Each structure stands twice: as structure tokens, then as C-alpha cells.
Amino acid sequence: MSAFTSLILTQLTVPPGDLIYYIVLVFAVAGASLFAFIHWRASEFPQARRAFVGLGILLGAQIIMFILSGLGWQEIVDPKMILPPMDRAYIMFGIIWITWLFAFPEPNRGADAAAALLSLFVVTALGLSLLTWQTQIANPQFASLSYNQTVDDWFWQISSLVLTLIGMTILFIRRPDGMWYGAALLFMGFLGHIGHLLVQIEGNYSGIVRLAYMAAYPILMTLPLRFALPSQAVSAPHSAITKQDTISPERRRYSTDPKTFHAMLALAAESNPTKVSQAVTRAIAQTMLSDLCFMIYLTDNNNQMVIAGGYDLIREDSLEGGSLNKGSIPMLANSLQRGRPLRMPASSTSADIKGLGDILGLTNPGHLLSVPILTPEKEALGGILLLSPYSDRTWTAEDQAFLSNIATSLVPIIKRSQKLNKLETQADQARTQTIQLERQIQELSQQLEAARAEIQKSGSVEMSSLLVAQEESQRIIGQLQIENAELRTGKKLQPSGGTSQVENELKASLQELARLQNQLAEANMKTHEMEKGRVAVKSTEQAEVIASISQELRQPLSSIVGYTDLLLGESVGILGALQRKFVERIKASTERIRSLTDDMIQITTLETELNDLKPESVDLNSIIDNAMSYTSTQVREKNISIHLELPKALAPIHADREALQQILIHLLQNAGAATPFEGAIRLKVQTRSENGLDYILIQVADSGGGIASNDLPRVFTRLYRADNVLIQGVGDTGVGLSIAKTLTEAQHGRIWVESEQGAGATFSVLLPIAGAAVERNTEPKGKK
């Protein structure tokens, strides 16, 4: 060993050089703790919190050693009596917790218990070493003995070597994320202990070991970086004229607006209870752009967990449910039962990630996000689980907050589904009882038929004979009336017993006849109802098929829109100008297809919806705001400006809110389609009085080429491409205008169009402000 190396090693073992050693270790552990705390606060990963706790334990022990070293330097305490054994014990203590930090990033009860027991073993060994060392230095014969020459030092070095080898073995077996950093740290400590045993240097401390750990401890700063922070969506450049057109980074992480999502949930709540979970998970997966989404229910007093249903967004396929083993997903089960959210990165050592992979048949389930579904009374009903095995998307605090809001809205749906399940169970029981009763009725009917057959064999009257009996009864009645008149005049006398017998026979015959007539009337009514049902089924069968197909078209369209939003948000890569233009065209075309699909659904179900109109007091300002928001994408694509002409005070109108909303949306969509690029649309609202009644007049004017006079009578018809030539100046097929006309007339209103060739067209809708009054005034006319 050279003199320079010997000088460096010696300086690290004597004051104040040994303070440099402790300062380096303190700063390394403190820096790693700070990084872990920042990572924990930013990601809320349980791994980051666990790393912060372990580094805090190391930092506390290192600060104690630093303080004792300073006190020994000032000779406040005897450095030779206390510090040498404590220095060896701290090194062994650090090896234990470094292995714990790197090898077990997720909670592991066995590892936690082993680390605690080994730490107690080190403390016990330290106490014994202090006793033996003080006994040796108290003996004048060993007054000049250094701690490096004792058996205790040999024990500490061999134990530290064994612990470093065990730590590296555990790392290679478990292969956690960042294992090579931990292996490098332990290997450098291993080399230091080997060097100390091979090169015996007098003194109370080992300069080689201290130099090795001074070089190794800064590696701890890589510990919090094993799991990447959740990526934030990058705001893409977007040319906008107004502030409302600016697209926020958060919004681009989701494919639909929350209002749209709540509407989808309302639709899911009305479906079959067995399919509610699949409908909800599909809606959440499409909204959150999650690869996999599952709904988990807690049953049996929160002791059992069941996957009610799931959805695979990439394959666009619903997933079947099943039971979950709480032992394979301990952290997820604990968080759901306690009603707490959970976010976890894709860790190779996480029991929950491995358990979900085994259950779902995935090699790597990806990053995990789970939020509980809590009632207002904070009772846990279950939870929503999101995974990203394909896109490797990390989940942020914003994602967690957004999903928590969705989970809150699921509570009434789940409760309703549970009630429906109970009702379905009761219905099944009722069906079983009904089947049993039908069997009993069938048996009784058979017995009755057998009895009737016996009666017929004995000469009873058949159905054809009943008519003869009726005629005979009428004849007898007539005869009795004659006889009764004769008795009154005294012309003829009959014994009273004969008259009573005839009357009894007549009554019996009439009662039997009345019973048969009632049965015939009931049979006729049932036949009439069955024929009416067949007609209704035939009239709605085609509409149901079209509506079903249109509903199925919505799923792939929503996926296309979601992924185009993801591409435009540039969270998966930067787009060139030409690529952005193509993607925007794809989105615009998809939105148009989805709009046509909605029109198809509405036109097929329009007749049913007209029967469900519910007039109420409606604020027209909110209707206008919602309609403009709905058509904003179409307007922005063509850089169209909208001019509003509204009165200062706009009275509420008595109409069906949804129907009025659809009328205005279809008029604005038609105007947007007819208006050229950078054109203008004018929306004017005013009141008008006719025949003593107040009306509201809504006018939507475009700046298109106008409509030819010979085409005006066909504007409000359904202009299907197969049979009709499309009208110039009317947007697309004209189905929307047909729907607007039907909804307007259903509310006692009128709709018409005025056009000037080359200047544009103006569509006007006149609706009564007091719809109930108009309905009463129009009823007598209808009766006439």
C-alpha cells in the first residue's frame, strides 16, 4: 500500500477526518430521503412512501453516529470506549436496511419482520461488544490494544460480509426494479470488508471500509427514481380566437366531456341489471382512455371481492367477471375495504401486480389506479380498477380525482342495480310459484275435462245443445208469462209446486248460459289483445333493429374519437403539421358519422319519444348555450362566426326541454353545414303575439347559397340519397330538419324557411310561450 493511500485511509479514521466520513453519509442519506419525499408527494405511490420511511430510519441512525463522533472529538465522551463497536454496528445496521429498501419496495410482512429482528440482533450484539471491549481496555495489559486487532472486530467484519452476500442473493432472486443499483452498493461494501480483512491496519476504525461506503452511499439517491413519475399531458399548440376554444392539457387525457359521461351512465342505469357493470366499465374505459377497466363489488360484509364486469378498450370487448382472492392482491383489497384510493406503478416485485396478472392472464398488467365507490355514509360498495398493460400509461392525481367523481355518480346506479337484482330474484321465485300454480291449474283442468266427459257420457247437454236449451227456456218463459196472466185473471189454476219447479229449472238454465257468455267474452278480449300486440311488434321491429345497430356503431366511433384526441394531445408523440391536419380530418369525419348515427337513432325512436314529451318551464338562454356548445366543433372547423340577437329579458317558455334542445341543435347544424368557410350564422330570438297569445320566434340564418324556390316544399322531408336528389343550400340529408319539424309541431308550433338565392336561408320556429294555454285553446278545434 502506498504512503498516499495509507495517509487517506488514516485521515478517515481520526478526528476531524472521521467527521468528513459521517458528513458524506448524512448528506447522501438526507438527499435520498428528500428525493423520496418529493416523489411520494408527486405520485402518492406506496413504494415511494416506503422508501422515505426506510431512508428516514437510516438517516436517524447516521445522525446519532455523527453527533457521537463530534462529542468524541471534543472529548465530551470517551471515543475509544464507545465509538468503535457502534461504528461496526451501524455499518451492519445499514446493510440490513439497504437490502430491505432495494429488495422489498412493496409492503412485505415477512421482510419487515426479518429486518426488525436483525436490527434487534445488531443492537444486542452491540451491547455485548461494548461490555467485552470496555473490559479489555480496562485491563492494563491490553491498554495499547486497538479495536481492529480484537475478536469482536473479526466477528463484525465476517457478519457484514455474510449480510452483503445475502443481500445480493436476495436481489438476484427477486429481481426488483433498480436491483443493479442496490447490488452495486452492497458489492462495494463487500469489497471494503474483504480489503479490511486482507490488509490489517492498526487503529480503532477501518479506513478501507469507510472509503468503500463513502463511495457507495450516494447510490441511495437513485432509490426513489426506480418508478417513474406520472407523465403530465403536454399542451399542444392550438390556434384559437377566443378563450373558450383553448384546449387544456387535462381535457386531452379524456375522450369525452363529463356531461356526456353522466348521460351514458344514465343510459347504463336503465339497462338490464346483469349488464350494468359491463356498460359502466365500457363508459369509464372510453372516458379515461384506459386499456382495461373493471368494476369490483364487496360482498358478504366486505369479506369477499367479486369482479362484476370489465371492458378491454384495445380489443373493444367486454370481459366476464369472477371472484378475487384477497391474499393475491393484499394492498388493493385493503384499500377498497378501507375506502381509500390506490395508485401503483408497474413493479416487478408487487404482489398485487403479480396477482392481477395471474387472474387476468397478463404478463404485465401495467400501472394500476383504483378508487373506492363510497355512499354518502362512507360505506364502501366496491371500487373501480384501471390498468394499462398495452399503453403503459401512468396515472396522475388528476386522473384519480376525475375517477373519484365518476365513482360518486355510480352509487345510485349500483344501488338501483342491487334493488333490481333483488326484484329479479323475487320475480324468479314468483315465476317458480306461477309455474307450480299453472301445473295445478292444468291438473284441475284435466280433472274438469274428465268430469265433463263423464257428464257427457251420462247424457249431459253439450255446447250445441245449450242454444236449444236457451230457445226452450225462452219458450218456457213465454209460456210462464201466459200462465201467470191466466192465473191473475182466474182462467187457469196450476199447483204451486209445478210452477216452482219450472222456475228453478229456468233459473239454472239462465245461469249456465250467462256463465258461458262470460267465458266467450273473455276469450274474445284476449284474442283482441293478442292481435293488437302482434301489430305493435311488427310496426316496431324494424325500428328496434336500426336503433340496435346504431347503438353498436357508437362504440368504435367513441374509440376513434378518443385516440384521435390522444394523438392531437401529443402525449404519445409529436405530430407534424401534415399529420395533425390528417388527424383533424379523421376526427371531423368521425364526429360527423357519430352525429348521423344519433340522427338515425332519433328518427327511428321519434314516434315513441313524441308520446313521452313532458312540457315544463324552460330557460331559453341555457338551451341556446348548450346548443352552441354542442355545435362548437363544427363551427370552429370552418372558422364560422355566430352573431346573437337576443332581447335583454327573455321569459321562460313552457315546452319539453330535450325536444327544444334538439330543434335548435338541428337548425344550427344545418346552418353550419350550409355556410361556407369563414362565413357567418345569425341566431335571433324575439317575442310575438298572434290571436291574443304570446309566442317565441327563433330564427337561424346562414350565409350559404340559398335554396331554390322549387326545392322549398321538400326542405323538411327526409332526403335519402337513394331516392331523392339532395337540395342545394340544405346541410347533408335533411333528416335533422325533418326531426325539428316533427318536434316543433308536436308542441303546437310552426316551422318554415325563407330563402334568397345566393344570399342564404333563414329557418324560423314559432312556439307558444304558455304551452298549456295553447293546448287548451287547440283542443276544442280538434273536437270539432
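This text gives an overview of the structure that appears in the document. All figures in this text were calculated on a predicted structure; none of them were measured in a lab.

### A short note on the overall build of the protein
- Within the protein, the secondary structure is distributed over 21 helices and 14 strands.
- Out of the 784 residues in the protein, the part that is buried amounts to 42%.
- The contacts of the protein with a sequence gap of at least 6 include a subset with a gap of at least 24, amounting to 70%.

### Side note on the packing of aromatic side chains
- For the coordinates displayed, the defined rule picks out 12 aromatic pairs.
- Taking the centre distance of 5.7 Å and the plane angle of 65° together, the rings of Phe155 and Trp156 count as edge-to-face.
- What makes Phe155 partly exposed here is its relative accessible area of 36%.
- Counting every residue linked through ring pairs, the aromatic cluster contains Phe37, Trp40 and Phe52.
- Over the ring of Tyr205 we find Arg210, and its NZ or CZ is 4.4 Å from the ring centre.

### Details of a nonpolar patch on the surface
- Taken together, the side chains of Ile23, Phe27, Ile63, Phe66 and Ile67 define a hydrophobic patch exposed on the protein surface, amounting to about 440 Å² of accessible area.
- Elements that contribute at least two residues to the nonpolar patch include exactly α2 (17-43) and α3 (46-73).
- With three residues, the single largest contributor to the nonpolar patch is α3.
- In this structure, Ile23 sits in helix α2.
- Here Ile23 falls in the partly exposed class, since its relative accessible area comes to 35%.

### Structural notes on the packing of helix α19 (residues 657-674) against helix α20 (residues 735-746)
- The interhelical angle for the contact between α19 and α20, taken along N-to-C directions, is 150°, at an axis separation of 9 Å. Considering their axes alone, α19 and α20 lie roughly antiparallel with respect to each other. Taken as a pair, α19 and α20 cross one another with a handedness that is left-handed. Contact residues: α19 offers Ala659, Gln662, Ile663, His666, Leu667 and Asn670, while α20 offers Gly736, Leu737, Ile739, Ala740, Leu743 and Thr744.
- Residues belonging to the contact of α19 with α20 are distributed by class as follows: seven nonpolar, five polar and no charged.

### A few points about helix α10 (residues 276-288)
- With 13 residues, α10 should reach 18 Å at 1.5 Å per residue; the first-to-last C-alpha distance of 18 Å fits that figure.
- Most of α10 is tucked away, with 11 of its 13 residues classed as buried.
- Residues of α10 that are buried include every one of Val276, Ser277, Ala279, Val280, Thr281, Ala283, Ile284, Ala285, Gln286, Thr287 and Met288, and no others.

### Some details on the environment of Lys684
- Note on placement: Lys684 falls in strand β11 (residues 680-690).
- Of the residues examined, Lys684 reaches a relative accessible area of 25% and is grouped as partly exposed.
- For the pair formed by Lys684 and Gln699, sequence separation is 15 residues and the distance between their alpha carbons is 5.1 Å.
- With sequence-adjacent residues up to four places away left out, Lys684 is seen in contact with Glu645, Leu697, Ile698 and Gln699.

### Focus on a positive patch on the surface
- Together, Lys415, Arg416, Lys419 and Lys422 give the surface a local cluster of positive charge.
- The class for Lys422 is exposed, based on a relative accessible area of 58%.

### A short note on the nonpolar core
- Judged by nonpolar contacts, the single largest core of 54 residues is most densely connected at Ile98, Tyr217 and Leu220.
- Taken together, the elements giving at least two residues each to this core come down to α2, α3, α4 (79-103), α5 (109-138), α6 (151-174), α7 (179-198) and α8 (207-216).
- The element that contributes the greatest number of residues to this core is α4, accounting for 14 residues.
- Leave out the neighbours within four places in its chain, and Leu220 touches Val29, Ala32, Leu55, Leu58, Ile98, Phe102 and Leu185.
- Of all hydrophobic cores here, the second largest spans 39 residues; its members include Val700, Leu737, Val765 and Ile769.

### Let's talk about the pattern of salt bridges
- Within the structure shown, the criterion is met by 10 salt bridges.
- For Arg393, the salt bridge is made with Asp399, and the minimal N-O distance between the two is 3.3 Å. Comparing Arg393 with Asp399 shows no difference in burial state: the two are buried.
- It is possible to trace a salt-bridge network through shared partners that takes in Asp87, Arg88, Asp153 and Arg210.

### Regarding the side chain of His367
- You can see His367 is positioned in strand β6 (residues 367-374).
- Engagement of the side chain of His367 in a polar contact is seen with the side chain of Asp392, the distance being 3.0 Å.
- Leaving out residues up to four positions away in the same chain, His367 has contacts with Met344, Pro345, Ala346, Leu386, Leu387, Ser388, Asp392, Arg393, Thr394 and Trp395.

### Some points on the pairing of strand β7 (residues 380-388)
- The buried fraction of β7 is high, at nine of nine residues.
- Here strand β1 (residues 292-299) runs beside β7; their pairing, made up of six bridges, is antiparallel. Its bridge partner being in β7, Tyr297 is matched across the sheet by Gly382.
- Pairing analysis gives eight bridges linking β6 to β7, with the strands arranged antiparallel. In the strand pairing of β7, Ser370 is matched with Leu385.
- Between β6 and β7, which follow one another and run antiparallel, lie five residues, and Lys378 among them has a positive phi close to 65°.

The rules behind the values
Residues numbered from 1 in each chain as written. Predicted model: local features only at pLDDT ≥ 70, side-chain atom pairs only at ≥ 80, totals over all residues. Heavy atoms only, no water. Helix = DSSP H or I, 4+ residues; strand = E, 2+ residues; numbered from the N terminus. Buried < 20%, exposed > 50% of the residue type's maximum accessible area, 1.4 Å probe, protein only. Contact = heavy atoms within 4.5 Å. Phe/Tyr/Trp six-rings, centres within 6.5 Å; stacked < 30°, edge-to-face > 60°. Lys NZ or Arg CZ within 6 Å of the ring centre and 35° of its normal. Patch = residues over 30% accessible without salt bridge, like charges linked within 9 Å, V, L, I, M, F, W, Y side chains within 5 Å. Areas by Shrake-Rupley, 256 points an atom, 1.4 Å probe, with all protein chains shown as cover. Salt bridge = Lys/Arg side-chain N within 4 Å of Asp/Glu carboxyl O. Axes fitted to C-alpha atoms, helices over the stretch in contact; angles between N-to-C directions. Parallel < 35°, antiparallel > 145°, perpendicular 65-115°, else oblique. Left-handed = near helix turned anticlockwise from the far one by under 90°. Nonpolar A, V, L, I, M, F, W, Y, C, P; charged D, E, K, R; others polar. Expected span 1.5 Å × (residues − 1). Lys, Arg positive; Asp, Glu negative; His and termini not counted. Charge placed at Lys NZ, Arg CZ, Asp CG, Glu CD. Core = buried A, V, L, I, M, F, W, Y, C linked by side-chain atoms within 4.5 Å. Polar contact = N/O pair within 3.5 Å; in protein donor to acceptor, adjacent residues only side chain to side chain. Pairing = 2+ DSSP bridges.

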